[in-house]
Amino acid sequence: MVNLHTSIGSFQFNNVLMNASGVHCMTAAELDEVAQSPAGTLVTKSGTLQPRDGNPAPRYASLELGSINSMGLPNKGFRYYLDYAIAFQAAHPDRPIFLSIAGTGPADYAEMAAVIQASDFTGLTEFNLSCPNVPGKPQIAYDLTTTEHILDDLFKVFKKPAGIKLPPFFDLAQFDAMAALLNRYPLTFINSINSLGNGLAIDAATDTALILPKGGFGGIGGAYAKPIALANVRAFRQRLRDDIAIIGTGGVTTGRDVYELILCGASLVSLGTVLQEEGLPAFTRLTQELEAEMTAKGYATIQDFQGQLKTL
Ligand code: RRO
């Protein structure tokens, strides 16, 4: 029998799979559905200080090997998700939940962190420093100085378990610099990676960009992202303190993909495009496929192969 139990810090989960923030988590009804699926945990849509409608549609399109999106942070406001998470933990004391937070400016993070700190929330908070889709706003984590200021301010007020959602990095010097910065803070986890920012997809019939916002530029997810996600999880696992766990996100379409993210060091694996495309049955399929892969390899637990990638 295969066991998919995993942990982050003192938090325990009975399945490594969860949704990726942004997919099936905008409303309480959607979050409830993820909670009732085989997923081990769930994360809310990134909440901002005020509710947002996001960018004009069409703002998501399926592609041959994944997806492109420029949703633009539509959400019901972080207090909605905080209230949901507090009610969820009261109803399910043994099921830790993730709250995702995004600023539309650097000062927003500490402001929201102070409210969460003062609340009854006891779960994990993910600070999204990598939204690629707010017109005129760069992805924060590509700017080390701004990231440092945000984290300095944040951890002055925030003493609860915290993590950050990172964009993909593409150079070993970037991994070195970001990991050195992150190792200075009391982080419980990172989540790597957000979508590949500012890709472009074109409709062959009309020679027109597939999505409307930002002239068609948007975050790329799905199979396109898999090698980048594996490399980012691996690179950060090699550089971060052992007590900073990694949630692996990006490129999952099969149980083998989940297995490989764990092999690179992930403690939880989140589903973005595959969940958007297949819906909640993706959790059942990928759980079964991961169990089959582990059985074929002779592993009984996640810990048996987590971080055990071999190199030549
Ligand atoms: O809402 C979005 O457009 C969005 C966000 Br906040 C994010 O972090 N990643 C993404 O691909 N889309």
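Rules of the game
Residues numbered from 1 in each chain as written. Predicted model: local features only at pLDDT ≥ 70, side-chain atom pairs only at ≥ 80, totals over all residues. Heavy atoms only, no water. Helix = DSSP H or I, 4+ residues; strand = E, 2+ residues; numbered from the N terminus. Buried < 20%, exposed > 50% of the residue type's maximum accessible area, 1.4 Å probe, protein only. Contact = heavy atoms within 4.5 Å. Areas by Shrake-Rupley, 256 points an atom, 1.4 Å probe, with all protein chains shown as cover. Lys, Arg positive; Asp, Glu negative; His and termini not counted. Charge placed at Lys NZ, Arg CZ, Asp CG, Glu CD. Polar contact = N/O pair within 3.5 Å; in protein donor to acceptor, adjacent residues only side chain to side chain. Pairing = 2+ DSSP bridges. Right-handed = clockwise from strand over helix to strand, strands pointing away. Axes fitted to C-alpha atoms, helices over the stretch in contact; angles between N-to-C directions. Phe/Tyr/Trp six-rings, centres within 6.5 Å; stacked < 30°, edge-to-face > 60°. Lys NZ or Arg CZ within 6 Å of the ring centre and 35° of its normal. Core = buried A, V, L, I, M, F, W, Y, C linked by side-chain atoms within 4.5 Å. Patch = residues over 30% accessible without salt bridge, like charges linked within 9 Å, V, L, I, M, F, W, Y side chains within 5 Å. Salt bridge = Lys/Arg side-chain N within 4 Å of Asp/Glu carboxyl O.

Take the overall build of the chain next. Assigned secondary structure in the chain consists of nine helices and 15 strands. Dimensions of the chain, computed from C-alpha atoms along their principal axes, come out at roughly 55 × 50 × 40 Å. Per-residue burial over the chain gives 56% buried out of 312 residues. At a minimum sequence separation of 6, the contacts of the chain that also span at least 24 residues come to 73%. About 12,700 Å² of surface is accessible on the chain, with carbon and sulfur atoms providing 54% of the total. Distance between charge centres in the chain, computed from 22 positive and 29 negative side chains, equals 4 Å.

The next subject is the environment of Gly136. Inspection of the secondary structure puts Gly136 in the loop between β7 (124–128) and α4 (144–157). Each C-alpha atom, one on Gly136 and one on Ala266, is 32 Å from the other, the two residues being 130 residues apart in sequence.

Our focus in this paragraph is the side chain of Ser267. Take Ser267: it is sitting in the loop between α7 (255–263) and β15 (268–271). Polar side-chain contacts of Ser267 include one of 2.9 Å to the side chain of Gln306.

The buried fraction of strand β6 (residues 98–102) amounts to five of the five residues, a majority that puts the element mostly inside the structure. Neither face of β6 is left uncovered, since the one carrying Phe98, Ser100 and Ala102 and the one carrying Leu99 and Ile101 both have all their residues buried. Pairing analysis gives five bridges linking β6 to β7, with the strands arranged parallel. Paired with Phe98 across the strands is Leu124, a residue of β7. Each parallel crossover has a hand, and for β6 linked through helix α3 (residues 107–118) to β7 it is right-handed.

Regular strands place their side chains on alternate faces of the sheet. Burial along strand β4 (residues 60–63) is one-sided: Ala61 and Leu63 are buried, and none of Tyr60 and Ser62, which face the opposite way, are. Pairing of β4 with strand β5 (residues 66–69), which is carried by four bridges, proceeds in the antiparallel orientation. Following the sheet pairing, Tyr60 is matched in β5 by Asn69. Hairpin connection of β4 to β5: two residues between the antiparallel strands.

Right, let's get into the sheet that holds β5. The four strands are arranged β4-β5-β13-β10 in an open sheet whose pairing can be described as antiparallel. On the outer flanks of this sheet lie β4 and β10 (196–200), each paired with one strand and no other. Direction aside, neighbouring strands of the sheet carry axes that sit 40° apart on average. Here four bridges tie β5 to strand β13 (residues 217–222), and the two strands are oriented antiparallel to one another. Among the inter-strand pairings, Asn69 is bridged to a residue of β13, identified as Gly219.

This model, assessed by the stated rule, comprises 12 aromatic pairs. Ring geometry for Phe13 versus Phe98: centroids 6.1 Å apart, planes at 20°, classification stacked. Placement of Phe13 in strand β2 (residues 11–13) and of Phe98 in strand β6 is noted, with a sequence separation of 85 residues between them. You'll find Phe13 and Phe98 in the same group, each marked buried. Of the aromatic side chains, those joined through ring pairs into one cluster are Tyr142, Phe169, Phe175 and Phe236. Between the NZ or CZ atom of Lys76 and the centre of the ring of Tyr80, over which it lies, the distance is 5.4 Å.

To continue, consider the nonpolar core. Judged by nonpolar contacts, the single largest core of 83 residues is most densely connected at Phe127, Ile164, Leu166, Leu182, Ile190, Phe236 and Leu290. Ignoring any residue separated from it by four or fewer positions in sequence, one finds Ile190 in contact with Ile164, Leu166, Leu182, Phe236, Leu240, Ile244, Ala245, Ile246 and Ile247. Formed by 11 residues, the second largest nonpolar core is a distinct cluster that contains Ile8, Phe11, Phe189 and Ile247.

Where nonpolar side chains cluster on the molecular surface, the patch consists of Leu200, Ile202 and Phe217 and spans about 290 Å² of accessible area. Topologically, Phe217 is positioned in strand β13. Relative accessible area serves as the criterion here: at 36%, Phe217 is assigned to the partly exposed category.

Quick look at the sheet that holds strand β9 (residues 189–192) now. What the seven strands build is an open sheet, ordered β3-β15-β14-β9-β8-β7-β6; its pairing is parallel. The open sheet has two edge strands with one neighbour each: β3 (17–19) and β6. This sheet shows a mean twist of 25° between the axes of neighbouring strands, independent of strand direction. As judged from the three bridges shared by strand β14 (residues 245–249) and β15, these two strands associate in the parallel manner. Counterpart to Ile247 in the pairing with β15 is Leu268. Sheet strands in contact with helix α9 (residues 281–297) are β3 and β15, and its direction is about 160° off that of β3.

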